[in-house]
Amino acid sequence: MASTLVKEYFREDKLPHIWCPGCGNGIVTRAIVKAIDSLGLDKDNVCIVSGIGCSSRAPGYLDFNTLHTTHGRALAFATGVKMAKPELEVIVITGDGDSSAIGGNHLIHACRRNIDITTIVFNNNIYGMTGGQYSPTTPTGDKGTTAPYGNLDANFDLCELTKGAGASYIARGTAYAAKQLEKFIAEGIKNKGFSFIEAITACPTYYGRKNKKGSAVDMLQTVKESAVMDKAWDRLSEEQRQGKFKIGSFHVEAKPEYTEEYKKLIASFNKGEE
Amino acid sequence: MATTTTVGLKSHTVEEEWCKGCGICVAFCPKNVLELENEIVVVKRLEDCIQCGQCELRCPDFAIWLGGK
């Protein structure tokens, strides 16, 4: 048996999912479904695309048009879907490694084009599915199976990255504040242009164990305590910001959307023929 | 299989086959209604429940929800 939400939007026969006990991915997936539900979108009009990784398993459990693609290429496939059928609501579910390492170029160019796709990154600071390798969002000094003495690289701030690249809606939420995350996702879907929502979630199995972060409950508690709303963040001193991160809806900008511009271009050719 | 617990107008359902016993619902319940028994969540004190839905909101396995089956 399942709740009405699960019955309506999930492929119930595929549950229980494969995620580890306490993995935040389920919480974020539910927030996405709730956001779609709150907007009253037609299921047949929604296409969810994912790449490879723990997070990218999500569309397999969801009862929409879904596409599970190759590693890092979710946005490339999603761009194709959106260009072929601009009337579809295209949503990309991806992980931190999938979107910012192997798919990093797809991400910045999708931002640059401002194509009407909503991307939700499940940021758990690690490559979970492949065995705990450090990702571009693993904090400096933290451990992964490929960084047993601590990661030397500086980590990406994905919201700043996408802002620089030109996304028109940018927000960061957490698996703890799932209700707020749902609101950000709904705003992102409504935005006509490229929307980027970073969902901070916890990987208790790889990131948690390697870095001695405690149980799934401890990790979600840490997420709760470290997240600071952007207005409160501005009032914190550099010292107070240590170990914390800001959340909120950071950036909304009205600018030309790619499929619309493309349609205009095609229309201008047709006019020339007449 | 799923178990529905009802007290007055309040009810909670747990799908035991989906629960992985992570304890998130137990830890974040503001009224201490839930407990783990043999690594599965059990609705222990439904009379204290305020039906806030935080367990349902944060269950990573969609295994607990307000209301019946």
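Peer 1: Tell me what's going on with the pattern of salt bridges, and back it up with residues and numbers.
Peer 2: Residues and elements named next belong to chain A. Tallied over the entire structure, the rule returns 13 salt bridges over all chains. For K14, the salt bridge is made with D13, and the minimal N-O distance between the two is 3.8 Å. With its nearest N and O atoms 3.7 Å apart, the salt bridge here joins E182 to K179. Remark: K179 and E182 occur in helix α8 (residues 178–190); sequence separation between them is 3 residues, near one turn of the helix. We classify K179 as exposed; its relative accessible area is 52%.

Peer 1: Let's hear about the interface of chain B and chain A: which residues, and what values?
Peer 2: Contacts between the two partners involve 19 residues from chain B, matched on the other side by 27 residues from chain A. Buried surface at the junction of chain B and chain A, summed over both partners, amounts to about 2,100 Å²; 69% is from carbon and sulfur atoms. Its largest share of buried area at the contact with chain A, chain B owes to W18, L57 and F62 of chain B, together 34% of the area lost on that side. At the boundary of chain B with chain A, the tally comes to 1 salt bridge. Salt-bridge contacts for E56 of chain B lead to R30 of chain A; the nearest nitrogen and oxygen are separated by 3.2 Å.

Peer 1: Any details on the nonpolar core? Residues and values, ideally.
Peer 2: Membership of the largest hydrophobic core comes to 64 residues, with the highest contact counts inside it found for F10, I120 and I185 of chain A together with L34 of chain B. Of all the elements, helix α2 (residues 25–39) of chain A adds the most residues to this core, at 7 residues. V49, C111, C159 and I170 of chain A belong to the second-largest nonpolar core, a separate cluster that totals 22 residues.

Peer 1: Explain the environment of V6 of chain A residue by residue, including any values.
Peer 2: Tracing the chain through its elements places V6 of chain A in helix α1 (residues 4–9). The exposure class of V6 of chain A is buried, given its relative accessible area of 2%. Residues V6 of chain A and F122 of chain A, spaced 116 residues apart in sequence, show a C-alpha to C-alpha distance of 20 Å. Residues contacting V6 of chain A, with those up to four places away along its chain left out, are E12 and L15 of chain A together with W18 and F62 of chain B.

Peer 1: Could you give an account of the packing of aromatic side chains, with specific residues and numbers?
Peer 2: Using the criterion set out here, one finds 4 aromatic pairs over all chains in the structure. Centroid distance F10 of chain A to F62 of chain B: 4.6 Å. Interplanar angle 55°. Geometry classified as tilted. Pair noted here: F10 of chain A is in the loop between α1 and α2 and F62 of chain B is in the loop between α2 (54–58) and β5 (64–66), and the two residues belong to different chains. Directly above the aromatic system of Y176 of chain A lies the positively charged group of R58 of chain B, at a separation of 4.0 Å from the ring centroid. For R58 of chain B, the ring lying beneath its charged end belongs to F28 of chain B, and the centroid distance is 5.5 Å.

Peer 1: Before we move on, can you summarise the sheet that holds strand β1 (residues 46–50) of chain A with the specific residues and values?
Peer 2: All names here are of chain A. With respect to topology, 8 strands assemble into an open sheet ordered β2-β1-β3-β4-β8-β7-β10-β9, the strand pairing being mixed. Single-partner strands in this sheet number two, and they are β2 (65–68) and β9 (227–229). Pairwise comparison of adjacent strand axes, ignoring direction, gives a mean angle of 20° for this sheet. One ladder, built from 6 bridges, connects strand β3 (residues 89–95) with strand β4 (residues 117–123); its direction is parallel. Bridge pairing in β4 places T94 opposite V121. Across the face of the sheet, helix α4 (residues 74–84) comes into contact with β1, β2, β3 and β4 while running at roughly 175° to β3.

Peer 1: Go over the sheet that holds strand β1 (residues 3–7) of chain B with me, naming the residues and quoting the values.
Peer 2: All names here are of chain B. An order of β1-β2-β5 is seen for the 3 strands of this open sheet, with the pairing classed as antiparallel. Where the open sheet ends on each side, the last strands, each with one partner, are β1 and β5. Across the sheet, the mean angle from the axis of one strand to that of its neighbour is 15°, orientation sign disregarded. In this sheet, strand β2 (residues 10–14) lies alongside β1 in antiparallel orientation, the contact comprising 5 bridges. Paired with V7 across the two strands is K10, which belongs to β2.

Peer 1: Could you give an account of the packing of helix α6 (residues 104–113) of chain A against helix α7 (residues 158–165) of chain A, with specific residues and numbers?
Peer 2: All names here are of chain A. Where α6 contacts α7, the axes come no closer than 8 Å and their chain directions differ by 50°. Compared by their axis directions, α6 and α7 come out oblique. The handedness of the crossing between α6 and α7 is right-handed. Residues L107, I108, C111 and R112 of α6 touch α7, and the partners they reach there are L161, T162 and A165. Across the contact of α6 with α7, the residue classes break down as 5 nonpolar, 1 polar and 1 charged.

Peer 1: Which residues make up α2 of chain A, and what values go with them?
Peer 2: Residue and element names in this part refer to chain A. For α2, spanning 15 residues, the distance from its first C-alpha to its last is 21 Å, which sits close to the expected 21 Å at 1.5 Å a residue. With 11 of 15 residues buried, α2 lies mostly within the body of the structure. Residues of α2 that are buried include every one of N25, G26, I27, V28, T29, R30, A31, I32, V33, A35 and I36, and no others. Of the residues one or two after α2, G40 is the one with positive phi, at around 65°.

About the criteria used
Residues numbered from 1 in each chain as written. Chains lettered and ligands numbered in written order. Predicted model: local features only at pLDDT ≥ 70, side-chain atom pairs only at ≥ 80, totals over all residues. Heavy atoms only, no water. Salt bridge = Lys/Arg side-chain N within 4 Å of Asp/Glu carboxyl O. Helix = DSSP H or I, 4+ residues; strand = E, 2+ residues; numbered from the N terminus. Buried < 20%, exposed > 50% of the residue type's maximum accessible area, 1.4 Å probe, protein only. Contact = heavy atoms within 4.5 Å. Buried area = accessible area lost by both parts, 1.4 Å probe. Core = buried A, V, L, I, M, F, W, Y, C linked by side-chain atoms within 4.5 Å. Phe/Tyr/Trp six-rings, centres within 6.5 Å; stacked < 30°, edge-to-face > 60°. Lys NZ or Arg CZ within 6 Å of the ring centre and 35° of its normal. Pairing = 2+ DSSP bridges. Axes fitted to C-alpha atoms, helices over the stretch in contact; angles between N-to-C directions. Parallel < 35°, antiparallel > 145°, perpendicular 65-115°, else oblique. Left-handed = near helix turned anticlockwise from the far one by under 90°. Nonpolar A, V, L, I, M, F, W, Y, C, P; charged D, E, K, R; others polar. Expected span 1.5 Å × (residues − 1).

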